[in-house]
Structures are given as C-alpha cells and as structure tokens.
Amino acid sequence: MHHRLIKPTLLSVILASMLHSTAFAQQQDGVEPAQPQAEATAKDLDAVVVVGSRLASSRTEGPSPVVVMDEEKIEATGAISGDELLQAIPQVGDMMFSNTDTASNLNAARGDVGSINLRNLGTGNTLLMVNGRRMVPHPGTQTESLVPRQTANMNAIPLFGTRRIETLLGGASALYGSDAVAGVVNVILDTHYQGFQVQAQYGGSEDVDLRQGNINFKWGQWFNDGRTRATLVGGWTHRTDLPADARDYTANMDRRPLMEGTEFEGVTAFDDRISSSAWGAFQTVGNAAVRGPGGALITNGSGQFHIDPVGHHGCTAALDDGVCINSGAQSTASDRPLRFSPNHQRLIMGELDRMNAFGTLEHDLDDNFVAFGELAFYKARYHGMREQAAPLGAASILVSKDNYYNPFGAMYLPDGSLNPNRLAGIDAPEEGLDVRLASYRPTDTSRPYTVDDESYRFLTGVRGMVGGFDWEGALLYSSATTTDTQYGSISNTLFSEALSWSTPDAYNPFLGGNRDDWGAPADPARNQAAIDHFTVPVVRDSKATLFQLDTRFIREDLFQVPAGHVGVAFGGEWRRETLNDDRDPSFDGTLTYTNPMTGAITSDVLGASPSGDNSGDREVGSLYAEFAIPLVRALDLQVAGRYEHYSDFGGVAKPKVSLAWDIVDGMMFRANWSQSFLAPNILQMYSEGTTVSNTRTDYYVCEADIRKGTIDGVHRCGRSYSTMAIRSGNRDLQPETAETWSAGFVFQPRFLPESTRMTFTTDYFEIQQEDVIGILGEATHLALDYLLRMEGSFNPAVVRLEPDEERIALFEGTGLDPVGRVDYVDDLYINRLPRTTRGIDFGVDWRMATDTAGTFSASLNATRLIQMTQDSTDDEMRIIAAQEAGLIDDNFDIRNAGNLLGVNGKPQWRATFSGTWRKDGWGLGTFVNHIDGFESTGAVSNLGNYYPVPSWTTTNVWAERRFSGTDGFLDGLRVRLTVRNIGDRQPPLMPTALGFSSLHNALGRGYYLTVTKSFD
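Residues numbered from 1 in each chain as written. Predicted model: local features only at pLDDT ≥ 70, side-chain atom pairs only at ≥ 80, totals over all residues. Heavy atoms only, no water.

Draft legend 1. Structural detail: the state of the cysteines. Counting across every chain of the model gives 2 disulfides. For Cys-315, the disulfide goes to Cys-324, at an S-S distance of 1.9 Å. Because the sign of the S-S torsion sets the handedness, a value of about -50° for the bond joining Cys-315 and Cys-324 places this disulfide among the left-handed ones. The exposure class of Cys-315 is partly exposed, given its relative accessible area of 39%. Through a disulfide, Cys-702 is tied to Cys-717; the S-S separation comes to 2.0 Å. (Disulfide = S-S within 2.5 Å. Buried < 20%, exposed > 50% of the residue type's maximum accessible area, 1.4 Å probe, protein only.)

Draft legend 2. Quick look at a nonpolar patch on the surface. Taken together, the side chains of Phe-196, Trp-219, Phe-223, Leu-232, Phe-969, Leu-970 and Phe-1015 make up a nonpolar region of the molecular surface, amounting to roughly 620 Å² of accessible area. Note that Leu-232 resides in strand 10 (residues 228-239). Note on Leu-232: relative accessible area 33%, which makes it partly exposed. (Patch = residues over 30% accessible without salt bridge, like charges linked within 9 Å, V, L, I, M, F, W, Y side chains within 5 Å. Areas by Shrake-Rupley, 256 points an atom, 1.4 Å probe, with all protein chains shown as cover. Salt bridge = Lys/Arg side-chain N within 4 Å of Asp/Glu carboxyl O. Helix = DSSP H or I, 4+ residues; strand = E, 2+ residues; numbered from the N terminus.)

Draft legend 3. Molecular detail of the environment of Phe-510. Looking at the element boundaries, Phe-510 is found in the loop between helix 6 (492-498) and helix 7 (528-534). The sequence separation of Phe-510 and Tyr-405 amounts to 105 residues, and the corresponding C-alpha distance is 7.4 Å. If we skip the residues at most four places from it in the chain, Phe-510 touches Phe-282, Phe-305, Ile-307, Leu-319, Val-323, Val-399, Tyr-405, Asn-406 and Pro-407. (Contact = heavy atoms within 4.5 Å.)

Draft legend 4. The sheet that holds strand 15 (residues 323-327), seen in detail. The antiparallel open sheet is built from 6 strands, whose spatial order is 14-15-13-12-20-19. Lying at the two open borders of the sheet, with one neighbouring strand each, are strand 14 (317-318) and strand 19 (398-399). In this sheet, strand 20 (residues 435-439) lies alongside strand 19 in antiparallel orientation, the contact comprising 2 bridges. Note on strand 20: the bridge partner recorded for Val-399 is Val-435. (Pairing = 2+ DSSP bridges.)

Draft legend 5. Just the confidence of the model for the chain, in detail. Within the chain, residue pLDDT values average 88, and 93% of them lie at 70 or more. Predicted confidence is poor over residues 1-50, with pLDDT under 50, and the contacts of this stretch with residues over four places away or in other chains come to 151 contacts. (pLDDT = per-residue confidence, 0-100.)

Draft legend 6. Quick peek at the packing of aromatic side chains. Using the criterion set out here, one finds 30 aromatic pairs in the structure. When the centroid spacing of 4.9 Å and the interplanar angle of 90° are considered together, the rings of Tyr-404 and Tyr-405 count as edge-to-face. A ring pair is formed by Tyr-699 and Phe-892, whose centres lie 4.2 Å apart and whose planes are at 15°; its orientation type is stacked. One end of the pair, Tyr-699, is in helix 10 (residues 699-708); the other, Phe-892, is in the loop between helix 13 (874-884) and strand 41 (898-899), with 193 residues separating them in the sequence. Judged by its relative accessible area of 9%, Tyr-699 falls in the buried class. In textbook terms, an aromatic cluster arises when at least three aromatic residues are bridged by ring pairs, as seen for Phe-282, Phe-305, Phe-408, Tyr-440, Phe-495, Tyr-507, Phe-510 and Phe-534. Above the face of the Trp-222 ring, Arg-229 is positioned so that its terminal group lies 5.8 Å from the ring centre. Arg-789 extends its terminal NZ or CZ atom over the ring of Tyr-700, reaching a point 5.9 Å from the ring centre. (Phe/Tyr/Trp six-rings, centres within 6.5 Å; stacked < 30°, edge-to-face > 60°. Lys NZ or Arg CZ within 6 Å of the ring centre and 35° of its normal.)

Draft legend 7. A look at a negative patch on the surface. Taken together, the side chains of Glu-739, Glu-770, Asp-771 and Asp-871 present a region of like negative charge at the surface. Position of Asp-771 relative to the elements: it lies in the loop between strand 34 (756-770) and strand 35 (773-774). Here Asp-771 falls in the partly exposed class, since its relative accessible area comes to 30%. (Lys, Arg positive; Asp, Glu negative; His and termini not counted. Charge placed at Lys NZ, Arg CZ, Asp CG, Glu CD.)

Draft legend 8. Local environment of empty space enclosed by the protein. Taken as a whole and judged by the stated rule, the model has 9 cavities of 30 Å³ or more. If you add up the space inside the largest cavity, you get close to 440 Å³. Secondary-structure elements contributing two or more residues to the lining of the largest cavity are strand 2 (126-130), strand 23 (535-561), strand 24 (564-582) and helix 9 (682-686). The element that contributes the greatest number of residues to the lining of the largest cavity is strand 24, accounting for 4 residues. Taken together, the residues that form the lining of the largest cavity break down as 14 nonpolar, 10 polar and 6 charged. Estimates place the volume of the second largest cavity at around 230 Å³. Together, 23 residues line the second largest cavity, and Met-135, Val-136, Ala-156, Tyr-378 and Ser-455 are the ones closest to its centre. (1 Å grid on protein atoms, 1.4 Å probe; cavity = no way out; pocket = protein on both sides within 12 Å on 5 of 7 lines; lining within 4 Å. Points joined across faces, edges and corners; volume = space filled by probe spheres on them. Nonpolar A, V, L, I, M, F, W, Y, C, P; charged D, E, K, R; others polar.)

Here it is as structure tokens:
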C-alpha cells in the first residue's frame, strides 16, 4: 500500500523540515539568569503562550475557548495517571478506551491505555499533542459504536513534570490537521526547570485492598552560562488489582433484589449473569432420543438434555449424588438460577506497573538559533483476568462416544471392560452416541492476560529568526508497541481431543458447576489433567509508527494597517503513519479448527471468531497559513486554512475564522467558525474482514414467542444468541467532517482591587458532523430482517442456517415461516448521516491575596449539552416507521440513531470545582466533580420507562505543609495528605456487567500521602 505523494525532498529543505511546531507555544516559568538584550534572541522565541493560534497575543483570553489546568489544578484532582486526569475535565465524555475495561477480549485495546473523548463525539475525534506536536496513536484498536477506533495514549505522558494541560474546545483542523474535530489537548511539560525534585506518593482505598504508589523525579540544569539547558522528568507507578468481588454491588451480578419495590422489580436486565455455564446443555449427534429402563425418555425427542443440580427440579436420570440429567434444553425462566456470574473471575481494575521518562535538551547555536531535542520512553505491564469463553455455534464441539464420562457413551472401554459411566439400561447403541455441547462454559478455567506497552519518541530541530520570521523546523519519530498475551485460552482442537479420551483423565463436562454456589466457578481440580492439555496462550502483537518532518514561519508584524500590525504564520508538514496488527496463528488462519458438524473451517480458539492480520501505511502532506488582522481598535480577526493530502483517499482543505472584540475594558466577545475532519483509520479502510461475535436478539424469532403468548413484547424475549458478524473495510470511505461555530463572552472585571483577579467565560457551541463512519450493526440488520420477513422477503445480509426440528416446532401455529439460527451477519463500514451536538460551556476563575488571611483561589468549569442527535439511515427510518405503524413490535430501539443526549453515558451537565487556601506554607483545598444523571436504555421498566441513572458528585480534600527557609532536610520539603471521595460515594447503579458506567468509578474513599523534596 505505497502511493506517491508530496515527498520530503526540496520542499522539506526549503521549509526546513516541515511544520506543526509550537501550536501552543510554551511560556516558561523557570528562573532564568538576567540577560540584557537589545532584541529578541533565540532563547525567548517561545516566551509567549499562543492557545488556539500560532500567533502571539497580548490577551489573557484568546478568541478560541480553552480550558487550562496548571500544576495546582492537576494536583487538586488527585489523579495519578493521564486517564484519571481526563475524567476530571467536564468536556470529556465517556472513556471507551480505559484500563478498567477488564472484560474486553483480545480484539480490544486492553492494558494501560487512556483515551480522550471530548464532547462525547467519539474516540479519535480529539487530537492529543505533547509540547505542540501530535503523538503516535496507540497501536491497539477498540470497537466503539461497532467501528474500530484509534487514539493516542494519555497514560504514556508523565503527569509529574507537566506544567499545564490546555484543552482547546472546538474544531481546529485548519491549524492542526486531522483528528481535531472536537478539539485539541496539548500537554506542556516543564522543559526549562532548574534543580532536582523527588516525589513519593502512596495510598489506597479505605475498605478494599487496592493500593497505589509512585516515585517521580524532575531534574533540570543550565550549562555554558545558560546556553545549554537540559531537563529530565520520569517516574514509576505501581497499582494492585481490584477484584470485582471486592464490592457488594459488583460481586453479585444478579441485582434484581435491589429493584424490589420499584417499577423495575423483576426486570431481567438487572441480572447480568450469563446463560452458558458449567451446568451444560447438550444434544446427541443425529438428534437421537435416548430412553432408559422401561422406555421412559431421558432426553427429549430431539436428543436434547441438560445437567441440573439435584433438588433444582425433577430429573430423568441420576449421574451422582449431586447432579442429574433433565430432558430438553434449559428454560430461560426456571433455569435462571444456574446462570454463571463472571465477576467471580473478573477485575474492576487490573494490576499495573508503569514507567515514564521524558528528556529535553536545548543549545544556543548562537544568539539567533537554538538546537533542541526531545527523547521520551514509556513502558507498562498490565495484568488482567476474565472468564472462560463458550463455544461458538460456528465451531461445534463434540463429546466423543469414547469419552470416559459420556453417559450415552460406548458400552465397553477400549480394554474390553464395562464402561462404568454409561447409564445402565439405556437404548443407545452399543458403540455409544456422540454428544454436542449445545450450551457449555468451562468455568473451571479462566483467562488471565498480560499486556505489555512500550513507546518511544525522538525529536530534533532548530529554531531561530530567519528574515524577520520566527522559524522552526523539526524531525519527529515515534513508535508504540503492544503485546497482549492471553493465557488459559482453550484450543478447540485440543479440547476436542480431551473430550475423546477413554481414560479417567478425559475432560468431564457432565459434572455440572459449583454445587455450593451454582453461579460460581467450578473446581478445576476435577479436570486438571485435561485442562493442562487444552489451555494455550494466544498473543496479539501490534505496532504503530509516526515519522514527521515539519516547519513553520511566524511574523507578527508583517505589515501595518490603521488598527495595528498584521501577523502571519505559515508552514508545512509531511508525515508517514504505519500500523501493523499481527494476530496469533490460532486467530489468523494459520492454525484452524474444522467444525465436525458442518465441515466449516474456523478459529482454533474456543469462543473466538477468526481474525486476520492487518497492516497498512499512509503518507500525508500538508500546508497551512494563518493571519491575525486588526480590523479596528479592539476588534481582531483570525483567518486560517490548511490543506492535507492523503496517499489513500486524496485531499482535504479546511478553514477557520475567529473574531475577538473588546467591547469595553475587561469585556470581550469572541466567535469562531471552522471546518474540521477525521481521516478514516487504516483498519476502517483496509481490514479484509474482521469477524466478531456478540450476543444479539433475533427479533423475528421473538415474534413467534409473542404470537404464542409466552411474552408480551420483544423486551421480554430471551432469544438472544451469540451472533457472528463479518465487518469489512471500505476503501471508498471519505473523511468524517464537521462544521463548528461558537460564540461567547469573557468578563474580567476591572473594578476589583489589585489583589483580586476574576475571569468569567461562557461560550455556546454547535457541531455539525457529516459522514460519520459507522456500521448498521447486527442488531439493526436483525431488526431489518424481522421487518422484511413480516413483509414477505428477508435481509440478505443476515445469513441463516436451515431450521432444525426445534425451530420448526417453535414456529408451528404462529403463521410465520420458520427460520434457522443466524450463521453470520455481513456488514461494511460506511459514512453515515449527520450528527448534531450543541451546548454551553461556563468557566469562573478567581484569586484573592490578603495581607493577613492568606491567598484564596477558586475555579469552576461546567458544560451543559443541549442537543446530541444522530440522523437515521434509510433502513433505520424504515424500521422506526414500521414500529409506529404496528407492523412490528415497538418494544426495542435502534440505538445508533435519534436522540443521544441524556442516555447511555451522555449526561446533560458535567462540572468541576476546585478551591484552595494558602498562608505561610500551609494549604487547604478541595476538588468537586459532578456528573449529571442520564437514562440507560439497557433496562425497560414494567411501565415502559428506561432506567434513570442518578447524578453523582464526589469531593476530594487535601491539606499541605510546605517548608522553606529552614535549615536541614526540611528545607524544600512539601507534604500533602489527600482524601479522595471523602463522602465515600458509591457509583450509581446501572444494568451493566460491573453495575456502573465508565463515567463513574468504584474506588470509594481513599487516602494518599505525597511527599515532595526539592534540591536547588
């Protein structure tokens, strides 16, 4: 996949290594030696903060809305990692990439990854930069709204040593290129620090064994009379795991008792246990019925039977004192107590070790030019755990008639002795019957996994004054690798072997589950020899790289107009991005399993669909320009534009226009209009067909239940099955585009005394997204199949097997044509219809210094979403219209479209407040985080209402003592005690596996002691 594009030859030389430099130029607070200068020199070319523009401004608030978190605000959040810090920004939505997502499979971006989701527009729509340059994407991809997304990893940036984080709210592709749809997060590290500082922190949660600790350092030295400057920041973090059974509300996945007395009483959506368990359901191959002595059926007429604990309900044959056989398939209602609770084996948070290091070096070549460089390293190891998988319908597993424990097995063992485990007196043939695992999960095994992440970043460049322009050029190379090793996976081939052994070492699936706690894991000692035989590790290796050449030229006094100087910034960039995703041979087709029932070839990993290797690369060339034009006194215009050309889909050009008007001294009106874009990622375009499996409801089969009177609507239907989907890349995809405009006021009252500073901001924003990359998804395809079959046709994307006897019997008397199980759903990534997001941001910053009472400061940041809607596709509109007309049942939603606000992790309000007091080395502070309530469509009440998730507010408090001007070790020492979530607020209940959303956490009240020592 190599294409010709703008090459870094003459262009890169002329433009001196191409763009993107100090998009947010850095103002350094470090103490510099006084140096008299008649004019600007190389050392102070980066002395002015330019947020949302490459041009300097004397304004403390610019034309673009920006949220700035300095070191004090970062510390007040109590965050230990980048992803925790992002959750403290109200404009950041639900985090889909998170190291608390421990239930994800090998297809997900697991491990120590922290994503950004500004405005809830989706992962990948926010550009993450370090010191003004983009980061390499994390190589793992994660399905979000059924589409693979990529993101840079916030956890790869050291928090200690971060001077501030600037969050530019609003489209910024005209300045920074792709991904800057919702905005830009720029992390600025302390690159001019002098001295040596060490910090140690330790703490944990109050009533569980979660503990976290870190050791950090920051060093900076100026040499050669200040002409050479070096800094190095780094740290190591360790966190213990937090098992899901450590909290009452996560340990028990059947949360229906918590709903008693409410309109959700008895709603099964609050029972998140899974139906496939060690209490297995089986069927004889050939559907042969088996009868016992006297001719009584042990199976049903189709050879179906399942294993029950004695005493659950009646048995047709006893196996031992604790378990027995019952005829037929399991009942959705009466056999619900036999469901398995995976949280016995899951974690809320996995164990983590992380190391970060970031170094910078600057050297004044002369009084005009500075050479600079960056070198960063990140390494993390994450230990997680999840439950074992169950066989897929496309990969049937058989218990051989030779299996030592098969109750319908051969009458004689290979040595000629009588089989002690064949049921006496049955009418099965002497050679026995093979048995298919219809529903079975080996809960006596689990799947621990380890994720190793590494990333490197190397940057070198030169900046200086060239022909009256502030010029900079740089070369950047960065790579990120992930190795995800999942232990305990089951090889279908080896599992089948262990199910065919005729010795006592054979795997026995007829033992049932845990006999003391039916929903708990079974004892592995019962089948240890077989387990050791068929469990194998599977590995996914992924790597992403970024190579970039950039340059920029800035001049703030290009020429004079009556209202002042016109400024200009222009530059260019060339970059090459690669992605390589290498799946385990058991996944990618090297090692396969042949379905003994159909002959179909599939993955050799139990419960996993085939997933091929993916790789790709692209080259991107871009040019941009920006002008700052004073129109009249106190009215400034900013005009910017950028063109990017991609080797795989062509060119994109996006503009931006901003106005800033100082109405009166201290009152500014600002407005922005921009267009931005998100390029389709490599997997979305080039994936040869990723096979995934999810539990989906077969609505047409539910219609048969409705007509038989067994349920009153689809929302009561138990016809949910593991459904395979083949999702293919689309080389005709176009970039997602967005049009954003905002308008607001900045008020900085001048009537306050000099000791008091206050800033009020409020900004309205509206974002219109077009061509959002999505997919119809299995649920929508199944709903469309339901509708089309009611109209006499079918959906060709839903490929079904022929109906068996059980299905034919199910549809008998309903007037509906019987259908078989879904074999797979064929799907394709597409550019969907528009999405609209509107809202208002509010901000208040206040600081007051007194002579006797100390210094007080407070900050409020809040956002209110007004609208978030996704237009429906023609197929979705057709389904909705059929529900309204009564043609199909209306007790389910097409969740990809319609109103998205106030549902499923998209609250209307989010806000944070921080306050501090300091005096004579003492300090007190608080940080309050508020998340508004929302509705969860995962549960429908007995009155037809969605489940209301209540609001959640947590408060951190801290106290600090700083020692200075003292003799001995205490000089330069700072001690801080932080109590996180002092009210010990539990996360609001949700109908999810862990019982809460990723907007919330289960950490509870925690205590953290931080000791910092400075050596100057």
